[in-house]
Amino acid sequence: MKRRDFLKKAGIGAAAAAAATAVNAPFVHAQKTIQWKMVTTWPPKLPFLQTGAERLAKRVEQMSGGKFKIRVYAAGELVPAFGSFEAVSNGTVQAGSGAAYYWAGKAPASQWFAAVPFGLNADGMAAWFWGGDGLKLWEEVYKPFNLIPRPAGTTGVQMGGWFNKKINTIDDFKGLKMRIPGLGGKVLAKAGGTVVLTPGGEIFTNLERGVIDATEWVGPLHDFIMGFHKVAKYYYYPGWHEPGTVLENFFNKKAYESLPKDYQLMLDIATAETYNWMLAGFNAGNGAALEKLITQHKVNLVRFPEKVMAQLRKLAQDTLEEIAAKDPMSKKVNDNFKKFQKQIGIWGEVSEKAYYDLIAEKYSLKK
Ligand code: CA
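The structure displayed is predicted, hence computed values, not measured ones.

J.: Hey, could you go over the coordination of the calcium ion for me, with residue numbers and the actual values?
T.: With distances of 2.2 to 2.9 Å, the protein atoms coordinating the calcium ion are Gln158 (OE1), Glu216 (OE), Glu216 (OE), Trp217 (O) and Glu242 (OE). On the primary sequence, the residues serving as donors to the calcium ion are separated as Q-x57-E-W-x24-E. One end of the pair, glutamine 158, is in the loop between strand 4 (147-154) and strand 5 (161-163); the other, glutamate 242, is in the loop between strand 9 (234-237) and strand 10 (246-252), with 84 residues separating them in the sequence. As far as burial versus exposure is concerned, glutamine 158 and glutamate 242 are alike and both buried.

J.: Before we move on, could you go through unusual backbone geometry and cite the residues and values that matter?
T.: The amide bond that connects tyrosine 237 to the next residue, proline 238, takes the cis arrangement and shows omega of -5°. In this fold, proline 238 is placed in the loop between strand 9 and strand 10. The backbone of lysine 298 sits at a positive phi, close to 50°, despite the residue not being glycine. Mapped onto the fold, lysine 298 is located in the loop between helix 11 (261-295) and strand 11 (300-303). On the basis of relative accessibility, which here comes to 65%, the residue lysine 298 falls in the exposed class.

J.: Explain the pairing of strand 2 (residues 68-73) to me, using residue names and the numbers behind them.
T.: Strand direction decides the pairing type here: strand 1 (residues 34-40) and strand 2, joined by 6 bridges, are parallel. Residue pairing for strand 2: lysine 37 is matched across the bridge by arginine 71. The parallel pair strand 1 and strand 2, bridged by helix 3 (residues 50-63), forms a crossover whose chirality is right-handed.

J.: Quick one: what's the story with the pairing of strand 4, residue by residue and with numbers?
T.: Burial analysis of strand 4 places 8 of its 8 residues in the buried class, which makes it a mostly covered element. Here strand 4 pairs with strand 10 via 6 bridges, running antiparallel. Looking at the pairing, leucine 147 lines up with asparagine 252 of strand 10.

Rules behind the numbers
- Residues numbered from 1 in each chain as written.
- Predicted model: local features only at pLDDT ≥ 70, side-chain atom pairs only at ≥ 80, totals over all residues.
- Heavy atoms only, no water.
- Donors = N, O, S within 2.8 Å, 3.2 Å for Na, K, Ca; no water.
- Helix = DSSP H or I, 4+ residues; strand = E, 2+ residues; numbered from the N terminus.
- Buried < 20%, exposed > 50% of the residue type's maximum accessible area, 1.4 Å probe, protein only.
- Pairing = 2+ DSSP bridges.
- Right-handed = clockwise from strand over helix to strand, strands pointing away.

These figures come from the coordinates and say nothing about function on their own.
Below, the structure written as structure tokens:
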């Protein structure tokens, strides 16, 4: 007996039949085989960033029963690292993986969705995206480029960097040559430092030869791989310039919207899950690597002086306001971000911060 005939005979109304069809619809669509391409801004095999993009593709394939496949290309394999935004925007490929501050030249407001000096940490960014207006605003910023953004990972709070000169006062930044990209670099320049843009592979040699006095990278796990502890005297914390850097996936709007609804949902779920997976991996890996750096490699861990941080914070606020004054979309995003950070900060004071302070004596760092 055909289903429709059965429903009629069973005396079930048209509305119920329509509802049954709607419920069953995803299973019909899920039969469709789709092949996408994703271009990333990451070197091949880079832990969490490139491997995270590959993991995401695998997740989607698993969820779709092998029907929705995404082939992931590392930087340079299909398009250059910084060509990925354009390639997805114009529909050459359907998906990309990067960090929103890479696109500051195209859309200054994009920087707020990656890392804001003295801004929100990873938890705060997640709260802004999914509990506040963050994701809605990000979609608005990427819309003119035919792109749909999704938060797809975070490094958590980064380290302040490796220095061969001690930072005791704000004046110690004067003339300091440091590899530090993005908004953090703009703040350093305001403090009188010189920003040196060095490709990842050349940082170690530049630091060793004194071409640069300092560099930031990510956190203990990735920094250890780079070997900076062999050529730098001091390892500074915290990473005021990147307090919770968010990685992104971006999808060609037309390609995303032409997907069956359940495939769209798979992408959304896989990116959100990758966000958590990456943060968990970074926190676990950073903890282990930091312990190794301190105990085995006797790294000289130094906290930035409070006064210097307060002065840099003021310079960071000036930097953000200057960008916002020149670009209405940046102003809209900055205003929303500031308001949200203030609100969530009140809660953070009495919850996370109070709790960390409570258990701080258990950490060997406290002297
Ligand atoms: Ca960094």
